[in-house]
Amino acid sequence: MEYVYAALILNETGEEINEDNITGVLEAAGVDVEESRVKALVAALEDVDIEEAIETAAAAPAAGAASGGSADEAEEADDGDDEEEEAEAEEADDDEDEGDGGEGLGELFG
């Protein structure tokens, strides 16, 4: 991951993304540099518009969250919560009834 970060730093500062620059950034960060990984990264980024890739990656989660009927799922989740709350309320009523009998025993012992 450090290698990609080095390329992003170089891109952000306007420096050319080449083997020497990536190696320099990584060494400055204290990373043990593997030349084969540096060469592979430079080759992989050769035809990539990094700014466009960043914009596309940033927009993907927002678009994915908006689609897929999330409003319907939210309503279904709310319906389930209401049913659970009603069941808990009924259980609490039952516990109170049981508590009345136990309260009398408490009076006997103290």
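The structure this text deals with has already been given above.
These numbers come from a predicted model, not from an experiment.

A. A look at the overall build of the protein. From N to C terminus, the protein includes five helices and zero strands. Walking the protein from its N terminus toward its C terminus, one meets helices and strands in the order α-α-α-α-α. For the protein, the share of sequence-separated contacts (at least 6 apart) that also reach a separation of at least 24 residues comes to 43%. Of the accessible surface of the protein, which amounts to about 8400 Å², a share of 49% is contributed by carbon and sulfur atoms.

B. A look at the nonpolar core. By size, the foremost hydrophobic cluster in this structure holds nine residues: Tyr3, Ala6, Ala7, Leu10, Ile22, Leu26, Val38, Leu41 and Val42. Top element by residues in this core is helix α1 (residues 2-13). It accounts for four residues. In this structure, Ile22 is in contact with Ala6, Ala7, Leu10, Ile17, Val38, Leu41 and Val42, ignoring residues within four places of it in sequence.

C. Spotlight on the packing of α1 against helix α3 (residues 35-44). Interaxial distance between α1 and α3 falls to 10 Å at its minimum, and their mutual angle equals 50°. Here α3 runs oblique to α1, going by the angle between their axes. Judged by the sense of rotation from one axis to the other, the crossing of α1 with α3 is right-handed. Side by side, α1 and α3 meet where Tyr3, Val4 and Ala7 of the first sit next to Arg37, Val38 and Leu41 of the second.

About the criteria used
- Sequence order as written defines the numbering, with residues in each chain counted from 1.
- Whole-chain, interface and lining totals are the exception, using all residues; otherwise, since this is a predicted model, local features are given only for residues with pLDDT of at least 70 and side-chain atom pairs are given and counted only at 80 or more.
- Hydrogens and water are ignored here; the side-chain numbers use all heavy atoms of the structure.
- Secondary structure elements follow DSSP: runs of H or I no shorter than four residues count as helices, runs of E no shorter than two count as strands, and numbering proceeds from the N terminus.
- Here, two residues are considered to be in contact whenever any of their heavy atoms come within 4.5 Å of each other.
- Residue-level accessible areas treat just the shown protein chains as cover; the underlying method is Shrake-Rupley with a 1.4 Å probe.
- Side-chain atoms within 4.5 Å are what join buried Ala, Val, Leu, Ile, Met, Phe, Trp, Tyr and Cys residues into a set we call a nonpolar core.
- Here's how the labels work: a residue is buried when its accessible area is under 20% of the maximum for its type, exposed when over 50%, partly exposed in between, all with a 1.4 Å probe on protein chains only.
- Angles run from 0 to 180 degrees between N-to-C directions of axes, and those axes are lines fitted to C-alpha atoms, restricted for helices to the stretch in contact.
- In what follows, roughly perpendicular refers to angles from 65 to 115 degrees, roughly parallel to angles under 35, roughly antiparallel to angles over 145, and oblique to any angle outside these ranges.
- For any pair of crossing helices, the crossing counts as left-handed if the nearer helix is rotated counterclockwise from the farther one by less than a right angle, and right-handed if it is rotated clockwise.

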